[in-house]
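# Structural overview
Each chain, written out:
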Amino acid sequence: MRLIFAGTPEFAQLAMAALHVGGHDIVLVLTQPDRPAGRGMKLQPSPVKQWSLEHHVPVAQPRSLRLDGKYPEDAVAARQALLAANADAMVVAAYGLILPQWVLDLPPKGCLNIHASLLPRWRGAAPIHRAIEAGDTLTGITIMQMDAGLDTGDMLLVRTQAILPADTTAALHDRLAVLGGEAIVQALAEIDHLKPLPQPAEGVTYAHKIEKAEASLDWTLPADLLARRIRAFDPFPGMTVPLASTSGQETLKLWQAVAEPAEHPAEPGTVLRADASGVRVACGQGQLCLTQLQRPGGKRLNAADFLRGCPLQVGQRLVQG
């Protein structure tokens, strides 16, 4: 098919590459404007744009697609490009802009979305993070016929994926990205025979965008929830705790942890034990055994290596103030 592809991060880029390998002709790409990144904060193209430039695919980067919005000139230019593309269908994956009705109505076979959850669970921006945080054991990919709602369209194809006990968002993302590419290729191959299935009204949850403010670890919460959040927020934004040092206060990042039964009662945030097996800290329920930590400007280290450079004492508090 002649396809328009709309997406921005690596998740979308892998799906686009799968479509290309599958023999589809990607005639136009929509992706987010370049953003500053890295230490020099230089403008960087998205993974989707990088792939498109390497494969000589035309790219449009409108700030909005709303003809009556803040950037109508961007929307008008995008409309002209979409019309000129004369595509059969549009595939969308983690694009980052809402598609207005005029875009949804444009391709003859509609707009298909690759969503990283088993809809209607975890509609929204961060389905992988929220599934891990909630303790789900199963997720997957839903290929959906898009409508004007937030991930509310009819389902065309569903593929499942187990969430493993040690999965981080990074690890699960990579498996789902591959699965998403496989699923969209299959869906397009069977597009004329797939039966749209309305999403059930029961079981709707929303995966709200991950905010940096969520990174600060609250020791009064149960240890099992905190362990899941640490996995869910890897690689972004990374869970953080304050540490008082001789030079003031620094912020540690926590990357791996295991929830355990409490060894003895203590105020949440109190170090109970610190050795090569981990740094054990009291929580609201149970205790958290921290096994991979990072100091500002340093590398991720296992507990043994971390403690050699930053010894922690039993009774020390890892809390603000």
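So, here's what we can say about the structure.

Calculation criteria
Residues numbered from 1 in each chain as written. Predicted model: local features only at pLDDT ≥ 70, side-chain atom pairs only at ≥ 80, totals over all residues. Heavy atoms only, no water. Helix = DSSP H or I, 4+ residues; strand = E, 2+ residues; numbered from the N terminus. Contact = heavy atoms within 4.5 Å. Patch = residues over 30% accessible without salt bridge, like charges linked within 9 Å, V, L, I, M, F, W, Y side chains within 5 Å. Areas by Shrake-Rupley, 256 points an atom, 1.4 Å probe, with all protein chains shown as cover. Salt bridge = Lys/Arg side-chain N within 4 Å of Asp/Glu carboxyl O. Buried < 20%, exposed > 50% of the residue type's maximum accessible area, 1.4 Å probe, protein only. Axes fitted to C-alpha atoms, helices over the stretch in contact; angles between N-to-C directions. Parallel < 35°, antiparallel > 145°, perpendicular 65-115°, else oblique. Left-handed = near helix turned anticlockwise from the far one by under 90°. Nonpolar A, V, L, I, M, F, W, Y, C, P; charged D, E, K, R; others polar. Core = buried A, V, L, I, M, F, W, Y, C linked by side-chain atoms within 4.5 Å. Pairing = 2+ DSSP bridges. Phe/Tyr/Trp six-rings, centres within 6.5 Å; stacked < 30°, edge-to-face > 60°. Lys NZ or Arg CZ within 6 Å of the ring centre and 35° of its normal.

Right, let's talk about the environment of Leu 104 for a bit. Inspection of the secondary structure assignment puts Leu 104 in helix α4 (residues 101–104). Distance from Leu 104 to Met 146, taken between C-alpha atoms, is 7.1 Å for residues 42 residues apart in sequence. With residues up to four places along the chain from it excluded, the contact list for Leu 104 reads Leu 99, Gly 110, Cys 111, Met 146, Asp 147 and Ala 148.

Turning next to a nonpolar patch on the surface. A cluster of nonpolar side chains, namely Leu 150, Val 204 and Tyr 206, defines an oily patch on the protein surface of about 260 Å² accessible area. Along the chain, the position of Tyr 206 falls in strand β11 (residues 206–207). The exposure class of Tyr 206 is partly exposed, given its relative accessible area of 41%.

Interaxial distance between helix α5 (residues 127–134) and helix α7 (residues 223–232) falls to 7 Å at its minimum, and their mutual angle equals 160°. Comparing their axes, α7 and α5 come out roughly antiparallel. The hand of the α5/α7 crossing is right-handed. Where α5 abuts α7, its residues His 129, Ile 132, Glu 133 and Ala 134 lie against Leu 225, Arg 228, Arg 229, Arg 231 and Ala 232. In terms of residue class, the contact of α5 with α7 is made up of 4 nonpolar, 1 polar and 4 charged.

With that settled, the discussion passes to the nonpolar core. Nonpolar side chains in soluble globular proteins tend to end up buried together. With 67 residues, the main nonpolar core has Phe 5, Trp 219 and Leu 288 as its most contacted residues. Here this core gets 8 residues from one element, more than from any other, and that element is helix α6 (residues 169–189). Val 92, Val 103, Leu 104 and Cys 111 belong to the second largest nonpolar core, which has 23 residues in total.

Another aspect to go through is the sheet that holds strand β7 (residues 111–115). The strand order β5-β2-β1-β6-β7-β9-β10 describes an open sheet built from 7 strands, whose pairing is mixed. In this open sheet, the two edge strands, each paired with only one partner strand, are β5 (59–60) and β10 (155–162). With 3 bridges connecting them, strand β6 (residues 89–93) and β7 associate as parallel partners. Directly across from Met 90, in β7, lies its bridge partner Cys 111. Against the sheet, helix α1 (residues 10–21) makes contact with β1 (2–7), β2 (25–30), β6, β7 and β9 (138–145), and its axis sits at roughly 170° relative to β1, the strand it touches most.

Moving on: the packing of aromatic side chains. In this structure the tally under the stated criterion is 0 aromatic pairs. The ring of Trp 255 carries the charged tip of Arg 300 above its face, separated from the ring centre by 3.6 Å.

Turning next to the packing of α1 against helix α2 (residues 47–54). Contact geometry of α1 with α2 gives a least axis separation of 7 Å together with a crossing angle of 30°. For the element pair α1 / α2, the angle class is roughly parallel. In this structure, α1 contributes Glu 10, Ala 12, Gln 13, Met 16, Ala 17 and His 20 to the contact, and α2 contributes Pro 47, Val 48, Trp 51 and Ser 52.

Here we come to unusual backbone geometry. The peptide bond linking Leu 119 to Pro 120 adopts the cis configuration, its omega dihedral lying at 10°. With respect to the secondary-structure elements, Pro 120 resides in the loop between β7 and β8 (123–124). Geometrically, the link from Asp 234 to Pro 235 is a cis peptide bond, its omega value of 20° lying close to zero. Backbone geometry places Ala 94, a non-glycine residue, at a positive phi of 50°. Along the chain, Ala 94 falls in the loop between β6 and α4. Of note, Asp 151 is a non-glycine position whose phi angle comes to about 55°, a positive value. The class of Asp 151 is buried, set by a relative accessible area of 13%.

Scanning the entire structure with this criterion turns up 19 salt bridges. Residue Asp 136 pairs with Arg 121 through a salt bridge whose shortest N-O separation is 2.8 Å. Residue Asp 136 is located in the loop between α5 and β9, and its partner Arg 121 is located in the loop between β7 and β8; the two are separated by 15 residues in the primary sequence. Here Asp 136 falls in the buried class, since its relative accessible area comes to 15%. On the basis of relative accessibility, which here comes to 31%, the residue Arg 121 falls in the partly exposed class. With its nearest N and O atoms 3.8 Å apart, the salt bridge here joins Arg 280 to Asp 275. Take Asp 275: its relative accessible area is 27%, and that puts it in the partly exposed class. Taken together, the shared-partner salt bridges connect Glu 260, Glu 263, Arg 273, Asp 275 and Arg 280 into one network.

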